[in-house]
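# What the coordinates show
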Amino acid sequence: MPSFGFSVQPPQHIDLDKNYRAIFDFIKENEPSFLRCIYCGSCGATCSAGNFSQMSLRKVNLLISRGQISEVKNLIDNCLLCGKCQLVCPRNVNTRKVILLIHKALKMPLS
Amino acid sequence: MPRIAVIGGGIAGMEAAIRLSNLNFEVDIIEKSFSLGGNVNNWHVLFPDHSPARLLIDQLKNQLRDKVNILLGTEVVRTEYNNKQYILHLSDGTRLTFDAIVITTGFKVFPAQRKEEYGYSIYPNVITSAQLEELFQSEKPIHTADHRMANRIAFIHCVGSRDDKIGNRYCSKVCCVTAVKQAMEVAQRNPGSEIFLFYMDLRMYDRHFEDLYFQAQTQYGIRFVRGRLSEVSEKSDARLYLKLEDTLLGKPLRITVDLLVLMVGMEPADNSPQLANLFSIPVGTDRFIQPENFHLYKNRTSRPGVFVAGCASGPKSIGETLADARSAAFEVYNFFNNN
Amino acid sequence: MKFDWFVVPFLAGLTFVFGFCGIKFYRWIRQLSRGEKLMLKKHVFSRSLWLSVKEIFSESLLHRKIFRTHPLLGYMHASLAFGWFLLIVLGNVEVKFYSEYSVNPPYVPIFLNYFEPVTAPNFFGRGFRFLMDLLLLVILSGVALAYFKRFNSRRFGMQRTTQHHFLDRIAIISLWCIFPARLLAESLSAAIYHNGSFLTNTLGKWLSALPVESMLYPAWWGYSIVLGAFFFTLPFSRYMHIPTEVLLIILRNAGIRSHYFGHPYQAVDTFSCSRCGICIDACQLAAVGNSVQPVYYLRSLRYQKPHENLTENCLLCGRCVEACPVGIFSTDIRRHERTLGHEMCNTHYAFKYQLKNNTPIEVLYFAGCMTHLVPAIKKSMTSILDHSGYSWRMLDADEEICCGRPLLLAGQITAANKVIMHTRSLIENSHAQLLVTSCPICFKTFSENYRLSIPVVHHSQFINMLQQEHRIPVHRRNISVKYHDPCELGRGMHVYNEPRSVINRIAHLQPNVHEKAKSLCCGGSLGNTYIDMETKLQLADQALQQMEVQSADYLITACPLCLKTFSSVSPIAVKDIAELAAESIKDTIVPFVKVIEENKSATFAEK
């Protein structure tokens, strides 16, 4: 059998059939205002940590909503909990609580 | 002949009054300012066809002439209901009796200083879309507050709308297309300038709106960025330093501009809640007057004989406002002829 | 030696209480660090112990602070505490007149009427009996009031009262039974021996129709049993506060505080809570349906019930600490508890922000991250600093840096320390002589956690100094304002007078019932991660209504977070104190420039 030298690439698309919902559901249960986010980016625009990192709560919420958890941890660890995002959110999402819940969820062994 | 009071002398009030008088009703327009035309008096050209606002108002005024009683500088201070008639006590002391009421009090623009972080009324180069429209009345290039040519202008969508912090969750509907229109007008007056529109969504919902968007991009090179403005600060030369996020790229964005235009949304007119109270009709959680329902009876209110038209019952474009006013006039006609 | 078997319940209870408390106190003190033990020793063996004694007298016995909350409430607590105290002390003194021994067993003064049925026929004998009867009457009136309070707490100035647990109800019943039991026993003795005074003799006469001889001994047994029951339940009920309060006052005045969760001072705090419930009315969250006040928090802590929502759902505004008659620092305990369990993992703040400019200047201005959302403050401070004549620079002009306090308040100590180290180095390397900040939250943390080599002041203090030294002009305006003390500036840093001095020079300051240490929280506090924004705005709205702001032209505050929270719901315009001062400068310099207001822009209207 010839060896072609190619390797199997993992799929690059977001597969909503396999969407990993555990963290999303955990946050939804403990802080229902999380559902209101329209990903407008007001939070990311004002974020203090956005000055020195890729952190933007909009990005984090979007990743969690699409089940792309692996990138969340690196981003969320930059949060200074300053609270500016909560003051500008036009949908009144309780952002600081969401962030603390994300930290908690990342440490829990959710299936 | 039944007598109808039209409260509010903007285009909705004027159109309703014209149609009602054509249907042989006696009509009085009660307007709190000293001119007819309302908010449209402040506009320059209208979308989507760039027709002049002045022309629309003059056409309406011509049709009104000699057919309608116009009471300027007057407001309603008290109401009574007696024997199926409404007795209105006016601010000039007179009492008038009417058989039906049409409320067309329209809207006022969101007071932008309530959004502190945008620096309105603190930094002179931050203006509202209403103020920009006033500057369009002359064909001259747009200058900054310190008389420099504005070479870089930013427009911010959704100021005072879609914002639970302000208390206005609703969308004001027409500001997106207005922004595109105004951006093109600035580009015409200031050739070579860079113009940015910072939006959450682009609500190009009606005919030819998408064409305007297309024209803005291709003919005038206007740049569209999906992202919100979080803070404004002023540099030593009075230029403004903006802090935003480019949500499609997922990165914070910074830009220095000469002029910042805030697309302020609509809020119910100042006297609207008081009027709703006087007639005991409900307002929605968004504080606009609540029609009896949203489909068949959009112009009726919970009170028989009291009708509403135009932006008093929610944000509308000019075309929709005029259509609504006609529909209200017809509802009034039905009220007296199908009773 | 006088003895009867009926004293056994009392004696057993008393021994148990002393033993239990003794062991517990010993354990707590032993857990103190060496430095803290030294502080304690220094306090106890010096004249400063007098302060503690005075406080024990005026607060634990006389309950002066509760009298100031409401006189009837104060009388109710004081009558029980001070009355019982005097009863015991006077009883011990009275015993000396009857006994040949100089030392008597502890039960003798309590049951003196039984052991000395014949009153000494002199002035002192009758005098003591009179006093004892009087004290008993006072205590009984207190018990009656306490019972009445269950039905009508508003008469006592309390809108809400503590919702007690089963164990507490047993304890309170046993306490309430003690004095009627004493009254019954002494009255029965008086019926037989006429050895009472105005109260017991009268009651004795009424009871003499009953078979008093056979009722006497059981009555004394009853009294002893009730006392014993109270003592046996005391260490497990709210009444543990009686002995613990004394220890708390001594430790507190010695300067000992709890520095981490589980510190022995925390245990002393926890057991000192008498569950009086005064903190409930002080807490603004109670009005929006949250039962999270220290009375409930400390109870959950003591009985080790799960209570995560109680730890997190607190504004840390300090109103409860201010109102507490015992002086328990419950907010410290909550803050320390937040450090447990959910530490943020691997916060790697890769700070890329470098100082762009480190030439020495006199004043370094730190706006604070929230201030960037209120550009009016930044512009006002820029104008004020420009006029001050000092060389100055803004540290966080282009990129915000956080002071680290939001992380501290959420219990994220490691992360907070990283931020503090970084921001501290930026401040120190700026070579300034004074740090001025616009945000009280930053101000508190710079002062307490940063150990800076330069002094730090809040901008209201700085403006006050500039005005006093006539470095900036002051122009009086014909407006009437109300001032709101921010939690972190007022209760947090005790800065009450400087902002008022500044305002009084410029405008007419209206009086405000809720001011200084009693100021209301705006609701926007970063201390509460639990409640949602709608609730916070509800708190703000309620606070504004209580302050009756409609009567003023403006509401002045000194904190950007308070400003943003209030202005969403305020019926009148909200301004920062810096804006007031800066507008006053403008008035002086160019009196004919129209202040930009409403939708009109002066420059554009002229076009």
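Rules used throughout
- Residues numbered from 1 in each chain as written.
- Chains lettered and ligands numbered in written order.
- Predicted model: local features only at pLDDT ≥ 70, side-chain atom pairs only at ≥ 80, totals over all residues.
- Helix = DSSP H or I, 4+ residues; strand = E, 2+ residues; numbered from the N terminus.
- Buried ≥ 20, exposed ≤ 12 C-beta atoms within 10 Å, placed from the backbone.
- Contact = placed C-beta atoms within 7 Å.
- Core = buried A, V, L, I, M, F, W, Y, C linked by C-beta atoms within 7 Å.
- Nonpolar A, V, L, I, M, F, W, Y, C, P; charged D, E, K, R; others polar.
- Domains from an automatic or database assignment.
- Expected span 1.5 Å × (residues − 1).
- Arc of directions from axis to C-beta.
- Axes fitted to C-alpha atoms, helices over the stretch in contact; angles between N-to-C directions.
- Parallel < 35°, antiparallel > 145°, perpendicular 65-115°, else oblique.
- Left-handed = near helix turned anticlockwise from the far one by under 90°.
- Pairing = 2+ DSSP bridges.

### Overview of the overall build of chain B
Scanning chain B from N- to C-terminus turns up 7 helices and 20 strands. Here the C-alpha coordinates of chain B stretch approximately 65 × 40 × 35 Å along the principal axes. By the burial criterion, 50% of the 339 residues in chain B qualify as buried. Sequence-distant contacts in chain B: of pairs separated by 6 or more residues, those separated by 24 or more amount to 66%.

### Focus on the overall build of chain C
Scanning chain C for helices and strands turns up 28 helices and 8 strands. Counting only C-alpha atoms and orienting by the principal axes, one finds that chain C spans roughly 105 × 50 × 45 Å. Each of the 607 residues in chain C was classed as buried or not, and the buried ones make up 47%.

### Things to note about the nonpolar core
In this structure, Ile101(B), Phe155(B) and Leu262(B) are the most contacted members of the largest nonpolar core, which totals 287 residues. Considering each element in turn, this core owes the most residues, 11 residues, to helix 9 (residues 166-193) of chain C. Apart from the residues within four sequence positions on either side, Ile101(B) is in contact with Ala5(B), Ile7(B), Tyr86(B), Phe279(B), Gly305(B), Val306(B) and Phe307(B).

### What to know about the interface of chain C and chain A
In this assembly, 29 residues from chain C lie in contact with 23 residues from chain A. When contributions to the side of chain C that touches chain A are tallied by element, the ones reaching two or more residues are helix 20 (405-409) and helix 25 (533-547) of chain C. Broken down by class, the residue content of the side of chain C that touches chain A amounts to 17 nonpolar, 6 polar and 6 charged.

### Concerning the domain arrangement of chain B
It is common to give the size of an interface as the accessible area that goes away when the parts come together. On domain assignment, one finds that chain B holds domain 1 (3-106 + 269-337) and domain 2 (112-266). Spacing between the C-alpha centres of domain 1 of chain B and domain 2 of chain B amounts to 32 Å.

### Points about helix 26 (residues 560-569) of chain C
For helix 26 of chain C, the buried fraction is high: 10 of the 10 residues fall into the buried class. Within the span of helix 26 of chain C, buried status applies to Pro560(C), Leu561(C), Cys562(C), Leu563(C), Lys564(C), Thr565(C), Phe566(C), Ser567(C), Ser568(C) and Val569(C).

### With respect to helix 2 (residues 53-64) of chain B
Residues and elements named next belong to chain B. For helix 2, spanning 12 residues, the distance from its first C-alpha to its last is 17 Å, which sits close to the expected 16 Å at 1.5 Å a residue. Where helix 2 is concerned, the buried positions are Ala53, Ile57, Leu60 and Leu64. Summarising the axial view, the buried residues of helix 2 lie within an arc of 65°, below the 170-degree limit, and thus occupy one face. Every exposed residue of helix 2 that faces more than 90 degrees away from the buried side is listed here: Leu55, Asp58, Gln59 and Asn62. Remark: aspartate 66 follows helix 2 within two positions and exhibits a positive phi of approximately 65°.

### Focus: the packing of helix 5 (residues 71-96) of chain C against helix 8 (residues 123-149) of chain C
All names here are of chain C. Running from N to C, helix 5 and helix 8 point in directions that differ by 155°, and their axes come no closer than 8 Å. Here helix 5 is positioned roughly antiparallel relative to helix 8, judged by the angle of their axes. As for how helix 5 packs across helix 8, the hand of that crossing is left-handed. Taking contact as the criterion, the partners of Met76, Ser79, Leu80, Gly83, Trp84, Leu86, Leu87, Leu90 and Glu94 in helix 5 are, on helix 8, Phe128, Leu131, Met132, Leu135, Leu136, Val138, Ile139, Ser141, Gly142, Leu145, Ala146 and Lys149.

### Re the sheet that holds strand 2 (residues 392-394) of chain C
All names here are of chain C. Judged by pairing direction, the sheet is parallel, and its 4 strands sit side by side in the order 2-1-3-4 without closing on themselves. The strands lining the two open edges of the sheet, one partner per strand, are strand 2 and strand 4 (456-458). On average, adjacent strands in this sheet sit at an angle of 25° to one another, irrespective of strand direction. Across 4 bridges, the pairing between strand 1 (residues 363-366) and strand 3 (residues 434-437) is parallel. Bridged to leucine 364 within strand 3 is leucine 435. The strands touched by helix 22 (residues 440-449) are strand 1, strand 3 and strand 4; relative to strand 4, the strand with the most contacts, the crossing angle is about 160°.

### A word on the interface of chain B and chain A
Taken together, the contacts link 16 residues of chain B with 15 residues of chain A. Counting residues per element, the ones that place at least two in the side of chain B that touches chain A are strand 15 (229-234) and strand 16 (240-246) of chain B.

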